[in-house]
Amino acid sequence: MFELEFMRLAFAAGAVIGLLAPAVGFFLVQRRLSLIGDGIGHVAFTGVAAGFILEVSATALALAAAVLGAVAIEWLRARRQAAGDQALALVFYTGIAAGVVLVSASGRLNVDLFAFLFGSILTVTWSDFWIVLALGAAGLTVIGLLYRALAGIVIDEEGARVAGVPVAVLNVVVSALAGITIAVSMQIVGVLLIAALMALPVIAASRVAWSLASTMLLSMAIGLGSVLAGLTISYYADLAPGGVIVLVAAGAFAVAATARALGAGPAAG
Amino acid sequence: MPLAVELRGVSFAYGRGQPVLSGVDFAVEQGQFVAIAGPNGGGKTTLVRLALGLLEPTDGDAFLFGEPAAGFSRRATLGYLAQRSQLGTEAPATVREVVSAGRLAAGGLLGALRRRDKAIVEEAMRTVGIAGLAGRPLAALSGGQQQRAFIAKALAGEPSLLVLDEPTTGVDVDAQEALATLLAELRRELRVTILYVSHEFGAVERYVERLVLVRGGIVFDGPPQALPERWHDPSHVHV
């Protein structure tokens, strides 16, 4: 399959996404915000629809919409303007409704849209790949630099705030990273399923990991493995890659949960 | 002695609701060990959050070490142990990872901890007697051991003020006794000012020099031996 250029591009972009999505999702899952990616994905869908209407890059508009949506959710949550789930519902449903209205107005309720909703291995171009690589590398670099600070907030957000750590700024950074991850991942995994790739590898890793750092690294390995295996199965079985990738990640969770039940995981937790 | 904490005529209400605290004057000298108790909803946590500059008084002024609390310039020297429900005790962190998080404000946000910061983290774990548990997952420890890990985390910031909010929730009686002894030692050896907030005085009553009862304001502030017998269970405080 690697003689086909679109497969080489899909695997290369998928590898970046497989590493980035769980690395960002790690901080959301640990703060019990696993579903936030879904809300941001729905806002990204509005960006895709706006791209169809304006006939400009759907990825660029999805990126802008996702980052703005992510920061808006964090802003609402942090100021307690709405409870966490209410803030999510507000952004989540407004995003999907605006997307549906825009797409139907553009007359593009067709295969293009399906590719963005559920992922496609045919659609990654060289320019898409360079965008994924640049944003993915930037995202992973930011996480590498701020890992200790972001992990400290996971452990004790209030204690960090008392000690003068800029918690609000760091939370916005995580939200913006989530928006970027969703925008760059939607072509392969799809906006409806990318949140799963941010959460499931982390949940699976936490069943067998022995520390925060090992959870992060294991979840990235599971994410990478899920994307590469999912793309391979998707190619040979002619299935939508997003669904297959997420099912592989769910399978990884089943394996990790079984391993833990058999005594291979941490003593507790 | 100079003051660590000072509230002058402080009142506070959440939104447009009834005042939680009215006209509170409260001061803690540096190096004191003070227990603050009162019934649930009486305003003790609000009082501490005002003192730490996390809430703005609707009336009056709050100071930390002589500076306005909200803009306090040496926040890295404030150690705070939040209520257990707010702590990430279920995150798969090791004890060392938890304690290292206490070095965040003082050690800088970017990159790895430096050697000096790591040494301070190890010393904090030794001080509270959990150095042997450093590599263990926090979730695998007892409530009392988890509590010590979070106290070590607060100590890793080399605090001049240590605030513990409901530290005995979910902790057995023996661990509560051990905690009270540990805090008395820390106060004596490190000269750290300690505010201990709880719905009951419990084991610390024997070690503190002041008990403060809060219910909408301060209804008692004095040495333990002066506390009226009927108020030894602060949940029964009625004014």
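Definitions and limits used
Residues numbered from 1 in each chain as written. Chains lettered and ligands numbered in written order. Predicted model: local features only at pLDDT ≥ 70, side-chain atom pairs only at ≥ 80, totals over all residues. Helix = DSSP H or I, 4+ residues; strand = E, 2+ residues; numbered from the N terminus. Buried ≥ 20, exposed ≤ 12 C-beta atoms within 10 Å, placed from the backbone. Contact = placed C-beta atoms within 7 Å. Rg over C-alpha atoms; globule rule 2.2 N^0.38 Å. Domains from an automatic or database assignment. Nonpolar A, V, L, I, M, F, W, Y, C, P; charged D, E, K, R; others polar. pLDDT = per-residue confidence, 0-100.

**Quick notes on the overall build of chain A**
Regarding its fold elements, chain A presents 11 helices and zero strands. Along the chain direction, N to C, the helices and strands of chain A fall in the order α-α-α-α-α-α-α-α-α-α-α. Projected onto its principal axes, the C-alpha positions of chain A cover 50 × 45 × 30 Å. Counting the 269 residues in chain A, one finds 55% classified as buried. When contacts within chain A are restricted to residue pairs at least 6 apart in sequence, long-range pairs at least 24 apart make up 76% of them.

**Quick notes on the overall build of chain B**
The helix and strand inventory of chain B stands at six helices and 10 strands. Against the globule reference of 18 Å for 239 residues, chain B gives a C-alpha radius of gyration of 18 Å, in line with a compact fold. For chain B, the spread of C-alpha atoms along the principal axes amounts to about 50 × 40 × 35 Å. For chain B, with 239 residues in total, the buried portion stands at 48%. Partitioning the intrachain contacts of chain B with sequence separation of at least 6 by distance along the chain shows that 68% fall at a separation of at least 24.

**Topic: the domain arrangement of chain B**
Residue and element names in this part refer to chain B. Taken domain by domain, chain B holds domain 1 (1–74 + 162–172 + 192–239) and domain 2 (84–159). Relative to domain 2, the C-alpha centre of domain 1 lies at a distance of 26 Å. Residue-level contacts link seven residues of domain 1 with six residues of domain 2. Residue composition of the side of domain 1 that touches domain 2, by class: four nonpolar, two polar and one charged.

**Details of the interface of chain B and chain A**
Interface size is often expressed as the accessible area that is lost when the parts come together. Each partner contributes to the interface: chain B provides 30 residues, whereas chain A provides 27 residues. Going through the elements one at a time, strand 6 (78–81), helix 2 (95–101) and helix 3 (104–107) of chain B are the ones with two or more residues in the side of chain B that touches chain A. Ranked by the residues each element gives to the side of chain B that touches chain A, the list is headed by helix 2 of chain B, at three residues. For the side of chain B that touches chain A, the class distribution of residues is 21 nonpolar, five polar and four charged.

**Let's talk about the environment of R31 of chain A**
All names here are of chain A. Assignment of secondary structure puts R31 in the loop between helix 1 (5–30) and helix 2 (36–54). Accessibility expressed as a C-beta count within 10 Å gives 18 for R31, which makes it partly exposed. On a C-alpha basis, the gap between R31 and F11 in space is 30 Å, while along the polypeptide they are 20 residues apart.

**Considering the confidence of the model for chain B**
Residue and element names in this part refer to chain B. The predicted model of chain B has a mean per-residue pLDDT of 85, with 92% of residues at 70 or higher. Ranking the elements of chain B by mean pLDDT puts helix 6 (residues 173–190) last with 81 and helix 2 first with 93. Scoring of the predicted complex yields 0.83 for pTM and 0.81 for ipTM.

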